[in-house]
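Given next are the chains, with one letter for each unit.
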Protein chains: 2
Amino acid sequence: MSVTGPAGFRAAGVAAGIKAAGARDLALVVNDGPQQSAAGVFTTNKVKAAPVLWSRQVLQERKLHAVVLNSGCANACTGPEGFQDTHATAEKVAEVLGVGAIEVAVCSTGLIGERLPMDALLSGVDSAAKALAATEEAGLHAATAVLTTDTKPKQALRRHDAGWSIGGFAKGAGMLAPNLATMLSVLTTDAVISGDDLDAALRAATRLTFDRLDVDGGTSTNDTVLVLASGASGVQPSREEFTELLTNVCMDLVRQLQDDAEGVTKTIDITVRGAASEADAVAIGRTIAEDNLVKTAMFGSDPNWGRIAMALGRVDAEIDVDKLEIATNGVTLYAGGAKARDRSEADLSGRAIEIVVDLHLGDHTATILTTDLSHGYVEENSAYSS
Amino acid sequence: MSVTGPAGFRAAGVAAGIKAAGARDLALVVNDGPQQSAAGVFTTNKVKAAPVLWSRQVLQERKLHAVVLNSGCANACTGPEGFQDTHATAEKVAEVLGVGAIEVAVCSTGLIGERLPMDALLSGVDSAAKALAATEEAGLHAATAVLTTDTKPKQALRRHDAGWSIGGFAKGAGMLAPNLATMLSVLTTDAVISGDDLDAALRAATRLTFDRLDVDGGTSTNDTVLVLASGASGVQPSREEFTELLTNVCMDLVRQLQDDAEGVTKTIDITVRGAASEADAVAIGRTIAEDNLVKTAMFGSDPNWGRIAMALGRVDAEIDVDKLEIATNGVTLYAGGAKARDRSEADLSGRAIEIVVDLHLGDHTATILTTDLSHGYVEENSAYSS
């Protein structure tokens, strides 16, 4: 169960013919209320896809009746015509649902620079509207219809003891360094919550979850995370309770994205401790996460801490090489300005690798999640236009 | 001919036993004068190897009698003991040459975090001193002794009509994003030039050459470029003449580094035109150069300009997506906010690829040199501890 877990939501995922081969490529998530508050965060990339420009605009009202999503075409770098395609998609959804187009968000993912096949897409909206259901299967169909190079759908659901819940799905396997958002994710809740509180909770949750995933530094043109609240549980949680559960659901989805990233053979968690500021901790973690020499060493199960030291040394952050400590999988390899235990003592042969950098300069911490750089990543991205 | 091309220099490259397998691993370059002016630029990485700390210090005098270089061990992250090893190396060279240790620069390259085998290194200095010669062969031996994953030595020589010349060698194949320096390079000249003029010329030349090469974003802990002037030609060129020829020699070496980078199957020149500032042009070029999705697309000979648009959109620089143009190998693929000519028209099947981004916002330009991300790069860096 994911987006259809919370009460008040229906979903569908159909094959509209945008992708070849008859795969599901169009998803619809509808909020039947009684309330329709919503919030969204979007890519920081200056090159923003048409659906991002549209959805960011409609979200200013903090209200959504529905979200329509397609895979197979990002509708990015497509000019005014591309924006009109997005607008026409929202209009079509509004028409079949009997709502206003301004209450419909649009998300797209796939190849940049190509126009959407609008005939296929618009008739797909008709099929999706007919297939809408509040079932677990319908939620799975929606979560499946947004996938590109992902090998499996990513769903999460958390139920609060007080009788409300949060569900969601996400997609994304490459071009994955979300900044205020990931590739695409839709979250739903039946809690009673205002649009402003929803917005604050979403920003707090994504800052510590989607923003801490960095597979290849490639912040996409289409990154979007949306959250829709139906109020159907009749329960109004505190903002703190809501933010905590939302963060929990987001982290569940992020872990699934990390585990299914393009070419992944290792999941790598990089924790930077003792930083002078959280910004320093995040910057150091991201630079290590994006460093190809670190990533290839991890692919080779090689605790090559010298490459970690090189990577962190090129960050514009406060560092004292004599206080610095570097550990992999619990074995401290560098401390006091020189080699500590021998690299042969750190066993990185398993799938999960933990890198801990302790700067001993302050009390700020951040963990960045990444993956290794494998032959699979190179193969997938040299052979596949995405 | 390289460092021994200009008059007044002798060189040697011997097998000291730092590397396994009896390969040449210790180089010595000596300036016999009559003058000994010198200048150097060093890595911007905060984690600086012991030889960088030493050489930066001795260069404050703008005078060098000799440079000793070793491969097989970077002597980085080795604490006070590592610094003493560098100091002892300089003292040994000073002793055998009858000069002061403060006139001897030291460079090291290889694995980070390991101590130098000092017995082998010090007796290697004796062998190198005996082998010193002003011949082409001796210069080649020195250029060979500094190599790590490079497949061939990189040498360059330019002679000015007025009777003076500049020669040099360089090494570096991975961890290659020099910033004010490359991995290691030694340049020699028999021009008559002061240390201050040499310093100014070196900074001007490296800014437009070594600083514009970015293979994998990995600015090393040991990056060093040194230039030594003997004055043996008796000719004093203008600073402009000297800077121009020095830039020419540096670019020749940089092209050789690019062409022999780890796993290279494509050399990629990224020119950013029409930028609001040179800093913007460089930042955009570097971000595209470091983007794994762009690099893997190039490996696959795929003119996937959407990835170039994504990469440049995440740079903190002035960009207008409607004015932006992107071309690969002379074919404009994106212009006026949307797709221009079809990607199938751009043939990237050859070894040399040219990416041109025109921002149409100003008149600043920069070209960044990089390579593709291939299976060879992953193989080399997951199997080799460097």
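What you are looking at is a predicted structure, and each value in this text was computed from that prediction instead of being measured. (Residues numbered from 1 in each chain as written. Chains lettered and ligands numbered in written order. Predicted model: local features only at pLDDT ≥ 70, side-chain atom pairs only at ≥ 80, totals over all residues. Heavy atoms only, no water.)

## Description of the overall build of chain A
- Looking only at helices and strands, one finds 10 helices and 15 strands in chain A.
- Over its C-alpha atoms chain A spans a radius of gyration of 21 Å, differing by no more than 12% from the 21 Å that the globule rule assigns to 386 residues.
- The principal-axis extent of the C-alpha atoms belonging to chain A is close to 70 × 50 × 35 Å.
- Burial status across chain A gives 62% buried among its 386 residues.
- Taking all contacts inside chain A whose residues are at least 6 apart in sequence as the whole, residues at least 24 apart take part in 80%.
- For chain A, the exposed area adds up to about 12200 Å²; of that, 47% sits on carbon and sulfur atoms. (Helix = DSSP H or I, 4+ residues; strand = E, 2+ residues; numbered from the N terminus. Rg over C-alpha atoms; globule rule 2.2 N^0.38 Å. Buried < 20%, exposed > 50% of the residue type's maximum accessible area, 1.4 Å probe, protein only. Contact = heavy atoms within 4.5 Å. Areas by Shrake-Rupley, 256 points an atom, 1.4 Å probe, with all protein chains shown as cover.)

## Overview of the relation of the copies chain A and chain B
- Of the two same-sequence chains, chain A is brought onto chain B (RMSD 0.0 Å, axial shift 0.0 Å) by a rotation of 180°. Taken together, the turn and the small shift mark the pair as related by a two-fold rotation axis. Judged by C-alpha distance, H375(A) is the residue of chain A that lies nearest the rotation axis, at 2.9 Å.
- A high fraction, 100%, of the interface residues of chain A reappear at the interface in chain B, so the copies pair face to face through one surface. (Least-squares fit on C-alpha atoms with pLDDT ≥ 70 in both.)

## Focus: the pairing of strand β5 (residues 104-109) of chain B
Residues and elements named next belong to chain B.
- In terms of burial, β5 is largely enclosed, as six of its six residues are buried.
- Here β5 shows two buried faces, one formed by V104, V106 and S108 and the other by A105, C107 and T109.
- In this sheet, β5 lies alongside strand β4 (residues 66-71) in parallel orientation, the contact comprising six bridges. Residue V67 lies in a different strand from β5, and its bridge partner there is A105.
- With respect to chirality, the unit in which β4 leads through helix α2 (residues 79-97) into the neighbouring parallel β5 is right-handed. (Pairing = 2+ DSSP bridges. Right-handed = clockwise from strand over helix to strand, strands pointing away.)

## Observations regarding the sheet that holds strand β12 (residues 331-335) of chain A
Residue and element names in this part refer to chain A.
- Ordered in space as β13-β12-β11-β14-β10-β15, the six strands form an open sheet in which the pairing is mixed. Edge positions in the sheet fall to β13 (338-339) and β15 (364-371), since each has one partner strand and no second.
- As paired elements, strand β10 (residues 267-275) and strand β14 (residues 352-358) share seven bridges and run parallel to each other. Looking at the pairing, R273 lines up with D358 of β14.
- Contacts from helix α7 (residues 278-290) reach β10, β14 and β15, with the element oriented near 20° to β15. (Axes fitted to C-alpha atoms, helices over the stretch in contact; angles between N-to-C directions.)

## Overview of unusual backbone geometry
Residue and element names in this part refer to chain A.
- Omega for the peptide link from G33 to P34 comes to 20°, which places this bond in the cis form.
- Positionally, P34 belongs in the loop between β2 (26-31) and β3 (37-42).
- A positive phi angle, close to 50°, is found at N75, a residue other than glycine.
- Looking at where N75 falls in the secondary structure, it is placed in the loop between β4 (66-71) and α2 (79-97).

## Here's the deal with the environment of A74(B)
Residue and element names in this part refer to chain B.
- Along the chain, A74 falls in the loop between β4 and α2.
- The exposure class assigned to A74 is buried, which follows from its relative accessible area of 3%.
- Separated by 25 residues in sequence, A74 and A49 have C-alpha atoms that sit 7.0 Å apart.

## Topic: the interface of chain A and chain B
- At the interface, 55 residues of chain A touch 55 residues of chain B.
- In this assembly, chain A packs against chain B so that about 4300 Å² is buried in total across both faces, 55% of it on carbon and sulfur atoms.
- At the junction of chain A and chain B, the tally comes to two salt bridges.
- The interface formed by chain A and chain B contains 16 residue pairs in polar contact (both at pLDDT 80 or more).
- Of all the elements in the fold, those that place two or more residues in the side of chain A that touches chain B are α8 (292-299), α9 (305-313), β13 and α10 (375-383) of chain A.
- Across the side of chain A that touches chain B, the residue classes tally to 22 nonpolar, 22 polar and 11 charged. (Buried area = accessible area lost by both parts, 1.4 Å probe. Salt bridge = Lys/Arg side-chain N within 4 Å of Asp/Glu carboxyl O. Polar contact = N/O pair within 3.5 Å; in protein donor to acceptor, adjacent residues only side chain to side chain. Nonpolar A, V, L, I, M, F, W, Y, C, P; charged D, E, K, R; others polar.)

## Side note on the nonpolar core
- Core analysis: the biggest nonpolar cluster contains 88 residues, and L312(A) and L312(B) have the highest contact counts within it.
- Among residues more than four places away in sequence, those in contact with L312(B) are V47(A), I284(B), I288(B), I319(B), L324(B), I326(B) and V357(B).
- Judged by nonpolar contacts, the second largest core, of 48 residues, contains I18(A), V30(A), V106(A) and A128(A). (Core = buried A, V, L, I, M, F, W, Y, C linked by side-chain atoms within 4.5 Å.)

## A short note on α8(A)
All names here are of chain A.
- With seven of eight residues buried, α8 lies mostly within the body of the structure.
- Those residues of α8 lying buried are N292, L293, V294, K295, T296, A297 and M298.
- Its side-chain oxygen at 2.9 Å from the backbone nitrogen of L293, D291 defines the N-terminal cap of α8.
- Residue S301 follows α8 closely and has a positive phi angle near 55°.

## So, the pattern of salt bridges
- If you walk through the whole model with that rule in mind, you get 42 salt bridges over all chains.
- A salt bridge links K339(B) to D342(B), with the shortest nitrogen-to-oxygen separation between them at 3.5 Å.
- When its relative accessible area of 33% is taken as the criterion, K339(B) is described as partly exposed.
- Overall, the relative accessible area of 30% leaves D342(B) in the partly exposed class.
- Taken together, the shared-partner salt bridges connect R62(A), D196(A), D199(A) and R203(A) into one network.

## Considering the domain arrangement of chain A
Residues and elements named next belong to chain A.
- Per the domain assignment, the segments making up chain A are domain 1 (9-259) and domain 2 (267-383).
- The C-alpha-based centres of domain 1 and domain 2 are spaced at 32 Å.
- Facing the 17 residues of domain 1 at the interface are 18 residues of domain 2.
- Linking domain 1 with domain 2 are five salt bridges.
- With a shortest N-O distance of 2.5 Å, R212 and E278 are connected by a salt bridge.
- Taken together, the connections running from domain 1 to domain 2 amount to 11 residue pairs in polar contact (both at pLDDT 80 or more).
- For the side of domain 1 that touches domain 2, the element with the most residues is helix α6 (residues 239-259), which contributes five residues.
- Partitioned by chemical class, the residues of the side of domain 1 that touches domain 2 number seven nonpolar, three polar and seven charged. (Domains from an automatic or database assignment.)

## Some thoughts on the packing of α10(A) against helix α8 (residues 292-299) of chain B
- Where α10(A) meets α8(B), the closest approach of the two axes is 7 Å, and the angle between their N-to-C directions is 70°. Taken together, the axes of α10(A) and α8(B) are roughly perpendicular relative to one another. Between α10(A) and α8(B) lies a crossing whose hand is right-handed. Together, Y377(A), V378(A), N381(A) and S382(A) of α10(A) and N292(B), L293(B), T296(B), A297(B) and F299(B) of α8(B) make up the contact between the two elements.
- Partitioning the contact of α10(A) with α8(B) into residue classes produces five nonpolar, four polar and no charged. (Parallel < 35°, antiparallel > 145°, perpendicular 65-115°, else oblique. Left-handed = near helix turned anticlockwise from the far one by under 90°.)

## Some details on the packing of aromatic side chains
All names here are of chain B.
- The full count for this structure, using the stated rule, is six aromatic pairs over all chains.
- Plain terms: the ring middles of W305 and Y334 are 5.1 Å apart, the flat faces sit at 35° to each other, and that makes the pair tilted. Of the two residues, W305 is situated in helix α9 (residues 305-313) and Y334 in strand β12 (residues 331-335); the sequence distance between them amounts to 29 residues. A single burial state applies to W305 and to Y334, both of which are buried. (Phe/Tyr/Trp six-rings, centres within 6.5 Å; stacked < 30°, edge-to-face > 60°.)

## Quick word on the sheet that holds strand β9 (residues 224-229) of chain B
Residues and elements named next belong to chain B.
- Judged by pairing direction, the sheet is mixed, and its five strands sit side by side in the order β3-β9-β8-β7-β6 without closing on themselves. In this open sheet, the two strands that pair with only one neighbour each are β3 (37-42) and β6 (154-159). With direction set aside, neighbouring strand axes in the sheet form an average angle of 10°.
- Both strand β8 (residues 184-189) and β9 contribute to a ladder of six bridges, which runs parallel. Looking at the pairing, T189 lines up with A229 of β9.

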